[in-house]
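So you can see what is in the structure, the chains are spelled out below.
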Amino acid sequence: MVHPGLSDGRRCGKVAALLSGRYRVLRPDRLQYRPDRGAAVQVEQEVEDLLALVRSAGGPVVLYGHSSGGVVALEALVASPSSFAGAVIFEPSAVIGPPLSGEGGEVLRRARAAMASGRPGRALTVFIRDTVGLPGRQAWLAGAITALVPRYRRLIPRQLDDLEAMDRLGVRLDAYAAIEVPTVLLGGERSPAHLAERLDAVQRVMPRAERVVLAGCDHGADLKKPAEVARVIRELAEKVLPG
């Protein structure tokens, strides 16, 4: 389970708990978000780290990736398709045109300036409003509350590194067209429109992928309605895993 940004492996805990009765579930911290990470890393490094874990697990693996973690998952499918029996990709933050951080990286510039001035809540507000696409007051509230929690406050600069890594990776739709691993592209009915547009773009180049939309759900469905996300993963696993 490859978690989204601004989180660690614990983010996948609710969905994992619903699956662990039948399956062995691995939910590591992504390399970008580990406390001992050091310098910022690129998507290719996260893929290498993920594939090392998959190799150590042995046997067929179903891969789940969410948001920027969904991009890492897609890249892992490109890099080593034989390592995976199937995949569920939940609203990947894939670049399909202009950079996620805006033309010239304006969002990153303003967010990093806020971090440099000791305003992590402001930095996250800029990201949530201008990249995630939440309305201004909702973005401000989310940024302010998140910055008050030490566990999440330390992840804010890593979220900005994650955003930069997505932009550096760039448009990879041609590469995703070669993915033949059985894949479910998962979306939420109430998610920001640009996330559906990114799913549309990925689906157009992966004609064998199945699209599933969770009614009444948004980008946080894994937390708000984990049983729905677990159901999609379980249904795929039952199709592609032996026994």
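Reference entry: report on the structure contained in this document. (Residues numbered from 1 in each chain as written. Predicted model: local features only at pLDDT ≥ 70, side-chain atom pairs only at ≥ 80, totals over all residues. Heavy atoms only, no water.)

1. Section: helix α8 (residues 156–169)
Note the threshold: In this description a helix means any DSSP run of H or I spanning at least four residues, a strand means any run of E spanning at least two, and both kinds are numbered starting from the N terminus. What a helix is expected to span follows from its residue count: subtract one and scale by 1.5 Å. Each residue's exposure class comes from its accessible area (1.4 Å probe, protein chains only) as a fraction of the maximum for that residue type: buried when under 20%, exposed when over 50%, partly exposed otherwise.
The end-to-end C-alpha distance of α8 is 20 Å, a good match for the 20 Å that 14 residues give at a rise of 1.5 Å each. All of the buried residues in α8 are Ile156, Arg158, Gln159, Leu160, Asp161, Asp162, Leu163, Ala165, Met166, Asp167 and Leu169. One or two residues past the end of α8 sits Gly170, with phi positive at roughly 75°.

2. Looking at the side chain of Ser101
Stated formally: In what follows, residue pairs with any heavy atoms lying within 4.5 Å of each other are defined as contacts.
Turning to its location among the elements, Ser101 is positioned in the loop between β2 (86–90) and α4 (106–116). Assessed through its relative accessible area of 3%, Ser101 is described here as buried. For Ser101, the residues in contact, after removing those within four places along its chain, are Glu106, Val107, Leu108, Thr131, Leu163 and Asp167.

3. Describing the sheet that holds β2
So the rule is basically this: Strand pairing follows a simple DSSP-based rule, namely that at least 2 bridges must link the two strands. Angles here are taken between N-to-C directions and fall from 0 to 180 degrees, while the axes themselves are lines fitted to C-alpha atoms, restricted in helices to the stretch in contact.
Pairing is parallel in the open sheet, where 4 strands are placed in the order β1-β2-β3-β4. With partners counted over all chains shown, the strands left at the sheet margins are β1 (62–66) and β4 (210–214), one partner each. When strand polarity is set aside, the average angle formed by the axes of neighbouring strands in this sheet is 20°. When β2 meets strand β3 (residues 183–188), the two strands line up parallel, connected through 4 bridges. Considered in β3, the bridge of Phe90 is made with Leu186. With respect to the sheet, helix α10 (residues 193–205) is in contact with β2, β3 and β4, its orientation differing from that of β3 by roughly 160°.

4. Observations concerning the state of the cysteines
What counts, and what does not: Pairs of cysteine sulfur atoms within 2.5 Å are what we label disulfides.
In this structure the tally under the stated criterion is 0 disulfides. Lacking any disulfide linkage, Cys12 is separated from the closest cysteine sulfur, that of Cys217, by 16 Å. Residue Cys217 is classed as buried on the basis of its relative accessible area of 3%.

5. Overview of the nonpolar core
In globular proteins that are soluble, nonpolar side chains generally tend to be buried together. Applied cut-off: Here, nonpolar core means buried Ala, Val, Leu, Ile, Met, Phe, Trp, Tyr and Cys residues that are tied together by side-chain atoms lying within 4.5 Å of each other.
Grouped together as the largest cluster of nonpolar side chains are 51 residues, with contacts concentrated most on Leu63, Leu77, Phe84 and Tyr176. With residues up to four places along the chain from it excluded, the contact list for Leu63 reads Val2, Leu50, Ala73, Ala76, Leu77, Phe84, Gly86, Ala87 and Val88. Cys12, Val15, Tyr64 and Ala221 belong to the second-largest nonpolar core, a separate cluster that totals 19 residues.

6. Quick word on the pairing of β1
Judged by how many residues are buried, β1 sits mostly within the fold: 4 of 5 residues are covered. The pairing of β1 with β2 spans 5 bridges and is classified as parallel. If you follow His66 over to β2, its bridge partner there is Phe90.

7. Observations regarding the packing of helix α3 (residues 68–79) against α8
When two helices pack together, their arrangement is given by the angle between the helix axes and by the axis-to-axis distance. Applicable threshold: By the definition adopted for this analysis, an angle is roughly parallel if under 35 degrees, roughly antiparallel if over 145, roughly perpendicular if from 65 to 115, and oblique otherwise. Left-handed describes a crossing whose near helix is turned anticlockwise from the far helix through less than a right angle; right-handed describes the clockwise counterpart.
Where α3 contacts α8, the axes come no closer than 10 Å and their chain directions differ by 40°. The angle between the axes of α3 and α8 places the two elements in the oblique class. Note that α3 runs across α8; the crossing there is left-handed. In this structure, α3 contributes Ser68, Val71 and Glu75 to the contact, and α8 contributes Asp162, Met166 and Leu169.

8. Description of the packing of helix α5 (residues 120–132) against helix α6 (residues 136–147)
Selection criterion: Polar here means any residue other than Ala, Val, Leu, Ile, Met, Phe, Trp, Tyr, Cys and Pro, which are nonpolar, and Asp, Glu, Lys and Arg, which are charged; Gly is therefore polar.
Their axes nearest at 8 Å, the elements α5 and α6 cross at an angle of 140°. Compared by their axis directions, α5 and α6 come out oblique. The interaxial crossing formed by α5 with α6 has right-handed handedness. Across the interface between the two elements, Pro120, Gly121, Leu124, Thr125, Ile128 and Arg129 of α5 pack against Gly136, Ala139, Trp140, Ala142, Gly143, Ala144, Thr146 and Ala147 of α6. The class makeup of the residues in the contact of α5 with α6 is 8 nonpolar, 5 polar and 1 charged.

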